[in-house]
Amino acid sequence: MNRRDFLQRVSTGAAALTVSPAMLLGGGLGKAGAPSDQVRIGMIGPGSRGRGLLRRYLRIPNVQIVAFADVYEPSIKAARALTGVETPAYTDYRRLLDRPDIDAVHIATPLSLHAEHVTAALASGRHVYGEKSLGHTVEHCIQIRDAVRQARGQFQIGLQYHYAPWMHETIRRIRAGEIGDVTHIHAYWHRNGNWRRPVPDPKTDALEHLINWRLYKAWSGGLFAELGSHQIDFANWIFDAAPSSVIASGGIDYYKDGRETYDNVEGIFRYPGGRTLVFSSIMTNQNMGAQTRIYGTKGTIVSTMADATLFYEPKAYNTIESVSSTKEIVERGVVTGATYKSELPYRGQGTAITSPEGEAGNADHQACVAFVETVRTGARPIANIDVAYASGLSVALANKALYDGTRAEFKDYLGGHVPATAGR
Amino acid sequence: MTQSRQAMGTTFTLHLYATDVTRADEVAEAMFEEIARVEEALSHYRATSEIARINREAADGVVTDPETFALIARAQQLSRLSDGAFDITVGPLMKAWGFFRGRGQYPSPEELAAARARTGWRHVTLDAATRGVRTDHPGLDLDLGGIGKGYALDRAAALLREAGVTAALLDAGSSSFYAIGAPPDTDGWPIRVPDSVSSPQGGRDRGQDEGRTLTTVHLRDASLSTSGTRQQFFIAGGRRYSHIIDPRTGAPVDGMAQVTVLAPNATDSDALTKVAFVLGADAAPDVLGRTTATAALFVRDARDARDRVVRWRWPAVSERATAAVSGDQ
């Protein structure tokens, strides 16, 4: 809404109650406007992740946080501390959905609850932002996908790196052929820590499961879901395909503290066209941190959660520095022996990948801004259900392979076609 | 238990009394995560931070979350109270004097004028109703570096209290502390305030970092912050310049060596050391009296000054005076 429209609306009294002097004098702070421009959001599950996103919404003009739903009272309290007001809250998420004054629902509950919460929110006619991964199992993923197909509202998945400028620039460079044919992606999410959150006293099993739900199979998809889903999604995006099969390995080998999800996992995803993603996540060493190494025949891109760097493949990789002159060789002869190639790792400087906009915006912030825009316009999100399904299915099948000790095939779940995974 | 982690360009340290080591580890982890979160929001150097976003968009007006808004509002309030002695827009001046590169330079009059034009807390307008931040000058640059470490300590302390911690000392690079309770059977966490002037800059390399003790404070459910120039100064034209700029004049502060401020929270103590340092021992007490500061200790930058050490409401009870205080050198 431009200033003239705004003033016109003010003159009819429609927006009189929300006008601050600053808006009238300065043409508005941000894109401030009338109540009808407000996007009203309810959040199911304002835990640590949910509150992270809540902060983002609070930084967007004309977004109202209308209500929370959570079974854990301290999370409500912490969320209200962020909004600064006594935001209405419910222990039953259905009461939140019953409210008539909600345009969109943000769901940040434990993984195994996504299917129930997302389908119910969609059935209520709202736009939904659902945290990754899509669903706990293949069946849950299918259930949500089908619900999205029938829904009036749009669905956006919390794979926020689809909104990261440096990721888009990375994809653009790859599509332009700058690193040649991408044959392999090695993705690491390495941490050094037990992944536990402190459980307040009195400690009970129920509270332990509530706080540390990531460690229990009934709630969580473990490292593949909570960490790997971003990088698996990234590989899907780069390869523009879902995997065709996955094998996996892992175990509870270091933190034998009663947890059920593995403390280290490795997954090898095969893609159509003979391409491979190797994903590794460990909790005993953080030297690698979180990074995705994209290997092409002409170069490498190393992408992190904040930036990306491009390394060109050395032109004559297998030549070594000449130690003798031609004259010496002619005089003394050349020694014959086994083939020698210098295969030391490349240690040179790369080139930073900066986005054409010149700014590395915050991926979470951009994702929330985009979702609010989707609520306003009804436009299909970049991180849409196809993106969500490909990544969610990959995670669910990787866990199936991990726990069953089998190779999991994708073809039965892709309906004979590979879903489009690319962004804008 | 003591744990340290790098954050906000310094080392954060937690000293904690706990009976359950596993639980203490988890609480410490959660606390460092919270500090990292604050850093991610306030870091002036990260393009993905909230403050970076605000700086990019504030000339057109930007909306921020209640937490960030409240911190900027507090900074602005302290600017108003101190008539600009504390100023989160001072960055361009710091840059002109070369302080971000860790060295000093005397700026040309043109450079100084250009930097001054891009400085001034009055160019920042806040609108509480919309949580709006607007700057009336596109070159303006908000930097919460003078208050952010203290704020991170306050957030960390809140998290520890929430987790049931009753005795802990939080340290942000030795320049700001917050104490929860006291070690068992003591009055508080002992914090030694060194005499910076009696310990010239050479001391650091010889492992004598703190120099002589001026006083020891037993800190309990309160915060202490220190600003000093002992390690950060440069010499130009035979004069020693501090690395603390007086935002009102655009020039480095002259005559002060160190100030220490006690306050109920670290956000305030951190920011108020800058107020105290810039205003100096004569003018600062009047302003500090209108803030949350409970005490201050000033050390002037002159070895022969008669009133080299000036105390304002300094808690005599909890300090252990040394020769440096009573007899001077």
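Each remark here, short or long, concerns the structure printed above.
What you see is a predicted model, and the numbers here were worked out from it, not measured in a lab.

Colleague: Would you mind going over empty space enclosed by the protein with me for this structure?
Modeller: If a probe as big as a water molecule is rolled over the atoms, it shows which places are left empty. Residues and elements named next belong to chain B. In the structure shown here, the tally under the stated rule is two cavities of 30 Å³ or more. As for the second largest cavity, its lining consists of Arg37, Val38, Ala41, Leu42, Glu67, Thr68 and Tyr151. Those elements that place two or more of their residues in the lining of the second largest cavity are helix H1 (21-42) and helix H3 (66-81). In terms of residue count, H1 provides more of the lining of the second largest cavity than any other element does, four residues in total. Across the lining of the second largest cavity, the residue classes tally to four nonpolar, one polar and two charged.

Colleague: Explain the side chain of Ser43(B) to me, please; I cannot follow it from the model alone.
Modeller: Residues and elements named next belong to chain B. Note that Ser43 resides in the loop between H1 and helix H2 (50-57). The class for Ser43 is buried, based on a relative accessible area of 10%. Within the structure, the side chain of Ser43 is placed 3.1 Å from the backbone nitrogen of Tyr45, a separation counted as a polar contact.

Colleague: What is the right way to read the pattern of salt bridges from this model?
Modeller: Side-chain pairing between opposite charges can occur once the charged atoms of the two side chains come close. Going through the model one piece at a time under the given rule, you end up with 42 salt bridges over all chains. One salt bridge connects Glu40(B) with Arg46(B), and the closest N-O pair in it is separated by 3.0 Å. Put simply, Arg300(B) and Asp307(B) hold a salt bridge, and the shortest N to O gap is 3.1 Å. A single salt-bridge network, built from bridges that share partners, covers Arg55(A), Glu34(B), Arg37(B), Glu67(B) and Arg155(B).

Colleague: How do you make sense of the interface of chain B and chain A when you look at a structure like this?
Modeller: Note: interface size is frequently given as the accessible area lost on complex formation between the parts. Taken together, the contacts link 30 residues of chain B with 26 residues of chain A. Roughly 2,200 Å² is buried in total at the junction of chain B and chain A, and carbon and sulfur atoms are behind 51% of that figure. Where chain B touches chain A, the interface holds five salt bridges. Two residues, Arg59(A) and Asp65(B), come together in a salt bridge whose shortest N-O distance is 2.5 Å. The interface formed by chain B and chain A holds eight residue pairs in polar contact (both at pLDDT 80 or more) in total. Of all the elements in the fold, those that place two or more residues in the side of chain B that touches chain A are H1, H2, strand S3 (62-63), H3 and strand S5 (132-135) of chain B. Ranked by the residues each element gives to the side of chain B that touches chain A, the list is headed by H1(B), at seven residues. Class assignment of the residues belonging to the side of chain B that touches chain A gives a composition of nine nonpolar, six polar and 15 charged.

Colleague: What's the story with unusual backbone geometry in this structure? I'm lost.
Modeller: What is expected of a backbone is that most residues other than glycine have negative phi and most peptide bonds are trans. Residue and element names in this part refer to chain A. Cis geometry marks the peptide bond from Lys132 to Ser133, where omega comes out at -5 degrees. Examined against the element boundaries, Ser133 turns out to sit in the loop between strand S5 (127-130) and helix H7 (138-150). Here the residue pair Asp201 and Pro202 is connected by a cis peptide bond, since its omega of -10 degrees sits within 30 degrees of zero. Relative to the elements of secondary structure, Pro202 occurs in the loop between strand S7 (182-190) and helix H9 (205-211).

Criteria and thresholds
- For every chain, the first residue of its written sequence is number 1, and the numbers climb from 1 along that sequence.
- Labels follow written order: the first chain is A, the first ligand is 1, and so on.
- Reporting of local features is limited, given that this is a predicted model, to residues whose pLDDT is at least 70; pairs of side-chain atoms are given and counted only at 80 or more, and all residues count toward the totals for whole chains, interfaces and linings.
- To obtain the side-chain values, all non-hydrogen atoms of the structure were used and water was disregarded.
- Lining residues are those with an atom within 4 Å of a point, where the points come from a 1 Å grid over the protein atoms alone and group into cavities, where a 1.4 Å probe fits but cannot get out, or pockets, open sets with protein on both sides within 12 Å along at least five of seven lines.
- Grid points are joined across faces, edges and corners, and a volume is the space filled by probe spheres set on the points.
- Each helix is a run of DSSP H or I of at least 4 residues and each strand a run of E of at least 2, with the numbering of both proceeding from the N terminus.
- Ten residues, namely Ala, Val, Leu, Ile, Met, Phe, Trp, Tyr, Cys and Pro, are considered nonpolar, four, namely Asp, Glu, Lys and Arg, are considered charged, and the remaining ones, Gly among them, are considered polar.
- Note on exposure labels: buried denotes an accessible area under 20% of the residue type's maximum, exposed denotes more than 50%, and partly exposed covers the range between, all computed with a 1.4 Å probe on protein chains only.
- Residues adjacent in sequence count toward polar contacts only when both atoms are side-chain atoms; beyond that, a polar contact is any pair of N or O atoms within 3.5 Å, and within protein one must be able to donate a hydrogen and the other to accept it.
- The working definition used for a salt bridge is a side-chain nitrogen of Lys or Arg within 4 Å of a carboxyl oxygen of Asp or Glu.
- Here, two residues are considered to be in contact whenever any of their heavy atoms come within 4.5 Å of each other.
- As used here, buried area is the combined drop in accessible area, with a 1.4 Å probe, of two parts when they are placed together.

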